[in-house]
Amino acid sequence: MSIAIYPGSFDPITLGHLDVIRRAAACFDKVIVCVMVNAEKKSPMFTAEQRVALIRASVAEIDNVEVEAFSGLLAGYAVSKGAHVLVKGVRNATDFDQEYQMAAINRGICPGLETVLLPSSPAYQHFSSTMVREMIKYGQPMEKYVPAPVAEEIKRKERA
Ligand code: PNS
């Protein structure tokens, strides 16, 4: 069984992330979306548990996708899940440079752990969680940036 891990902060998940998940799910038997908990990233918009719940709601119709949170070394997590592949989305040359380095680090820790880079679909090339958080500040409609469950949760938070 081919298992791939798609790690990230996903604070929040965007339509660009969802596009990568769909495409990865078409390539592997199972894709585990891993919400990486970074203690250094202060005051996240959503807790790790909320992010997991929002991603689960967003991928509900994709059969071979699971979602978990993890804090620690990604390569170790991948090994514990029996995964040999990490999936990353790349939007531009900056992403590529970072991912190229991270792929080497992860492969250094765990020989045989490969990183598969999926070029972002053109429609989502400028999407990022940072951009979404910025758009929220200016009251922009969220539906064109994030999956419906996330847009609904953002509206709910705003009303609260
Ligand atoms: O969505 P992000 O914040 O760009 O994702 C970065 C992430 C979480 C994938 C990366 O920081 C990561 O892999 N962190 C886990 C810690 C780790 O394993 N570090 C060594 C590899 S660089």
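The structure we're discussing is the one just above.
Residues numbered from 1 in each chain as written. Predicted model: local features only at pLDDT ≥ 70, side-chain atom pairs only at ≥ 80, totals over all residues. Heavy atoms only, no water.

Caption draft 1: Summary view of the site of the ligand. Looking at the ligand, the residues that line it are G8, S9, M36, K41, G72, L73, L74, M102 and N106. One of the side-chain nitrogen or oxygen atoms of S9 is found 2.6 Å away from an oxygen atom of the ligand. Relative to its free-state accessible area of 540 Å², the ligand is covered by the protein chains to the extent of 66%. Looking at the shell around the ligand residue by residue, the classes come out as four nonpolar, four polar and one charged. (Near = heavy atom within 4 Å. Polar contact = N/O pair within 3.5 Å; in protein donor to acceptor, adjacent residues only side chain to side chain. Areas by Shrake-Rupley, 256 points an atom, 1.4 Å probe, with all protein chains shown as cover. Nonpolar A, V, L, I, M, F, W, Y, C, P; charged D, E, K, R; others polar.)

Caption draft 2: Region of interest: the sheet that holds strand 4 (residues 85–90). Taken together, the five strands give an open sheet; going across it, the order is 3-2-1-4-5, and neighbouring strands pair in parallel fashion. Among the strands making up the open sheet, the edge pair consists of strand 3 (65–70) and strand 5 (114–119). Geometrically, the sheet is characterised by an average inter-axis angle of 30 degrees between neighbouring strands, direction not taken into account. Relative to the sheet, helix 4 (residues 93–109) contacts strand 4 and strand 5, its axis offset from that of strand 4 by approximately 170 degrees. (Pairing = 2+ DSSP bridges. Helix = DSSP H or I, 4+ residues; strand = E, 2+ residues; numbered from the N terminus. Axes fitted to C-alpha atoms, helices over the stretch in contact; angles between N-to-C directions. Contact = heavy atoms within 4.5 Å.)

Caption draft 3: Layout of a nonpolar patch on the surface. On the surface, L73, M102, I105 and I109 cluster together to form a nonpolar patch covering roughly 360 Å² of accessible area. Along the chain, the position of L73 falls in the loop between strand 3 and helix 3 (74–80). For L73, a relative accessible area of 51% translates into the label exposed. (Patch = residues over 30% accessible without salt bridge, like charges linked within 9 Å, V, L, I, M, F, W, Y side chains within 5 Å. Salt bridge = Lys/Arg side-chain N within 4 Å of Asp/Glu carboxyl O. Buried < 20%, exposed > 50% of the residue type's maximum accessible area, 1.4 Å probe, protein only.)

Caption draft 4: A look at helix 1 (residues 15–25). Along helix 1, nine of the eleven residues are buried, which leaves the element largely enclosed by surrounding structure. Every buried residue of helix 1 is accounted for by L15, G16, H17, L18, D19, V20, I21, A24 and A25. Regarding helix 1, its N-cap is T14, as a side-chain oxygen of that residue lies 3.1 Å from the backbone nitrogen of G16 further along.

Caption draft 5: Highlighting the pairing of strand 4. The buried count for strand 4 comes to five of six residues, which makes it a mostly enclosed element. Inspection of the sheet shows strand 1 (residues 3–8) paired to strand 4 by two bridges, in the parallel sense. Bridging across to strand 4, I5 finds its partner in L86. Remark: the strand 4/helix 4/strand 5 crossover connection has right-handed handedness. (Right-handed = clockwise from strand over helix to strand, strands pointing away.)

Caption draft 6: Highlighting the pairing of strand 1. Among the six residues of strand 1, five are classified as buried, and the element is accordingly described as predominantly covered. Pairing between strand 1 and strand 2 (residues 30–36): six bridges, direction parallel. Residue P7 lies in a different strand from strand 2, and its bridge partner there is C34.

Interpretation note: all reported values are geometric properties and have no functional meaning in isolation.
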